[in-house]
Amino acid sequence: MLKTLAKMESMDLNLLWEDKEVKFDVPQLHKHLRQGEKILDYIYHMEDSKGNPGDTGRLLVTNLRIIWHSLVHKKFNLSIGYARIGNTSTKIVHTKGRIPSQALYILAISSETRFEFLFTDVSGETARRDQPIFASIFDVYQLYQRTYLYRDLKLRGAIIQTGQLIILPNEQVYSQVQGVWNLSSDQGNLGSFVVSNIRLVWFADANETFNISLPYLQIESLRIRDSKYGPALVIQTAETGGGYVLGFRIDPAERLNELYKELCSLHAIYSEQPDFGVYYDVQDAKQRLAAAAEEAAQIASQFKIEDFQELDERQEREINTKLNRYLAENCLGNNCNNGSAGNDRSTRVHPVYCKELGFAMERIRDGYKLQDLWNVMPTKMDTLDE
């Protein structure tokens, strides 16, 4: 018995590469987006300062990558997948007219090759210099990093809690199948399937951390074939999903066939309109930035300079002068010859009881108080005179 899910036409074109590669000068790159890829924002008046200096173009921020294409020479373009980005930052650079402008720096790593990109604002508008024109790139990149379960195969992940699948946003669970044997080992592992509109999940009943989350995006083929354990569901993952061959046995055979048909249907539907998990609204983001700026301005307006007193910080570095003088006089007294000073010294060394400290001590010299000698640093900070 052998049933096989018909492989997609042009397998190479349907293999997800947009977020995992860096490509240059692909014909009509910005017009040929894959199914499910959406342009989330446009950033105009951008120059690829390192690769194509002097060419004005625009940046397209999609849910999988960043695209730059020249508006002067149509054949010049580049695609940077989010999975290849190692570092991003903004800086102020000076254009040819000595005008300071914002620039976006991107370090990308692909196949052990490092690429450095610098996209500079060449609009010449001084107002854009203080605006977060690259905010959408940073926001979408962070969203991409947090939604890998929509796109990538995950083994032994924290996806199950108390026997229930942790549902992703916009994910719908269609069915759950118990009594599923994972044939990855000789003895097999008994577990359960969870089938949703985005992925197929299997986890072991005895150990929830032994699991696999497999998006339909990473399934290359599905089939039912005979094995030494009987009819089994065999799943071949794509190269981007590790190229695994996974086998599962379900009893009875009728239930196995029903699950196979359901997975084939869901795989076909998902292939037509995949969900990559990145949801971003530019207008909503701008409203949040404006609200945050307004809140910061309100907080700043609540504090006035007149409400504060400027302290003389120089006093913090001053040692108690009375203590220094007392120690100096004591030192001079020790060096004096026999005389009145010596008699005074013999009188002071006689211990007296100190109520403040609770023990006997040498009598303090006349003209000094215990508080004068106790404080090494000044206790009162005076304000600076205007």
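Check the entry above for the structure.
Per-chain numbering applies: the sequence of each chain, read as written, is numbered from 1 onward. Residues qualify for local features only when their pLDDT is at least 70, as the model is predicted, and side-chain atom pairs are given and counted only at 80 or more; totals for whole chains, interfaces and linings, by contrast, use all residues. With hydrogens and water set aside, each side-chain value is computed from the structure's full complement of heavy atoms.

In DSSP terms, a helix is any run of H or I states spanning at least four residues, a strand is any run of E spanning at least two, and both are numbered starting from the N terminus. In terms of helices and strands, the protein chain carries seven helices and 21 strands. Expressed as a percentage of its 386 residues, the buried residues of the protein chain come to 40%. Residue contacts are counted whenever heavy atoms from the two residues lie within 4.5 Å of one another. Long-range pairs, those at least 24 residues apart, make up 55% of the contacts in the protein chain between residues at least 6 apart in sequence. Taken as a whole, the protein chain presents about 23,000 Å² of accessible surface, with 51% of it coming from carbon and sulfur. Only protein chains enter the area calculation, which uses a 1.4 Å probe; residues under 20% of their type maximum are buried, those over 50% are exposed, and those in between are partly exposed. Throughout, the Shrake-Rupley method with a 1.4 Å probe supplies accessible areas, and for residues the shown protein chains are the sole cover considered.

This part covers the environment of Gly 54. Considering the arrangement of structural elements, one finds Gly 54 in the loop between β3 (39-48) and β4 (56-62). A relative accessible area of 46% places Gly 54 in the partly exposed class. For the pair Gly 54 and Val 122, spaced 68 residues apart in sequence, the C-alpha to C-alpha distance is 9.4 Å.

Before going further, it helps to examine the pattern of salt bridges. Think of a salt bridge as a Lys or Arg side-chain nitrogen and an Asp or Glu carboxyl oxygen that are within 4 Å of each other. Tallied over the entire structure, the rule returns nine salt bridges. Of the charged contacts in the structure, one is a salt bridge between Arg 65 and Glu 37, with a shortest N-O distance of 2.7 Å. With Arg 65 in strand β5 (residues 65-70) and Glu 37 in the loop between β2 (22-24) and β3, the pair connects residues that are 28 residues apart, well separated along the chain. The pair Arg 65 / Glu 37 is uniform in exposure class, with both members buried. Note that Glu 171 and Arg 199 form a salt bridge whose closest N and O atoms lie 2.8 Å from each other. In this pair, Glu 171 sits in the loop between β12 (164-165) and β13 (173-182) while Arg 199 sits in strand β15 (residues 199-204), placing the two residues 28 residues apart along the sequence. With respect to burial, Glu 171 and Arg 199 carry one shared label: buried. Salt bridges here are not isolated pairs; linked through shared partners, they connect Asp 19, Lys 20 and Asp 152.

Now for the side chain of Asp 152. Mapped onto the secondary structure, Asp 152 falls in the loop between α2 (135-146) and β10 (154-155). What qualifies as a polar contact is a pair of N or O atoms within 3.5 Å, subject to a donor-acceptor requirement within protein and to the restriction that residues adjacent in sequence count only when both atoms come from side chains. A distance of 3.3 Å separates polar atoms of two side chains, one belonging to Asp 152 and the other to Lys 20. Excluding anything up to four places from it in sequence, Asp 152 contacts Lys 20, Ser 213, Pro 215 and Gln 218.

A few words now on the nonpolar core. In terms of nonpolar packing, the biggest core is built from 31 residues, with Phe 193, Leu 233 and Ile 235 touching the most fellow members. Of all elements in the fold, only β13, β14 (189-196), β15, β16 (211-215), β17 (219-227), β18 (230-237), β19 (245-250) and α3 (253-272) reach the threshold of two or more residues within this core. Ranked by residues supplied to this core, first place goes to α3 with seven residues. With near-sequence residues (within four places) excluded, Phe 193 lies in contact with Ser 175, Gln 176, Val 177, Val 180, Leu 200, Val 201, Trp 202, Leu 233, Phe 248, Ile 250 and Leu 259. Throughout, nonpolar core names a set of buried Ala, Val, Leu, Ile, Met, Phe, Trp, Tyr and Cys residues whose side chains join them through atoms within 4.5 Å.

With that settled, the discussion passes to α3. In a regular helix each residue adds 1.5 Å, so 20 residues correspond to 28 Å; α3 covers 29 Å between its end C-alpha atoms and thus fits that length. Of all the residues in α3, the buried ones are Leu 256, Asn 257, Leu 259, Tyr 260, Leu 263, Cys 264, Leu 266, His 267 and Tyr 270. A helix's residues, less one, multiplied by 1.5 Å, set its expected span.

Moving on: α2. Look at α2: 17 Å from first C-alpha to last across twelve residues, which is about the 16 Å you get at 1.5 Å a residue. Inspection of α2 places Ala 135, Ser 136, Ile 137, Val 140, Tyr 141 and Tyr 144 among the buried residues, and these make up the whole buried set.

Mapping Leu 59 onto the fold places it in strand β4. For the pair Leu 59 and His 69, spaced ten residues apart in sequence, the C-alpha to C-alpha distance is 7.0 Å. When neighbours within four sequence positions are excluded, Leu 59 is seen to be in contact with Asp 41, Tyr 42, Ile 43, Met 46, Ile 66, Ile 67, Trp 68, Phe 119, Phe 134 and Ile 137.

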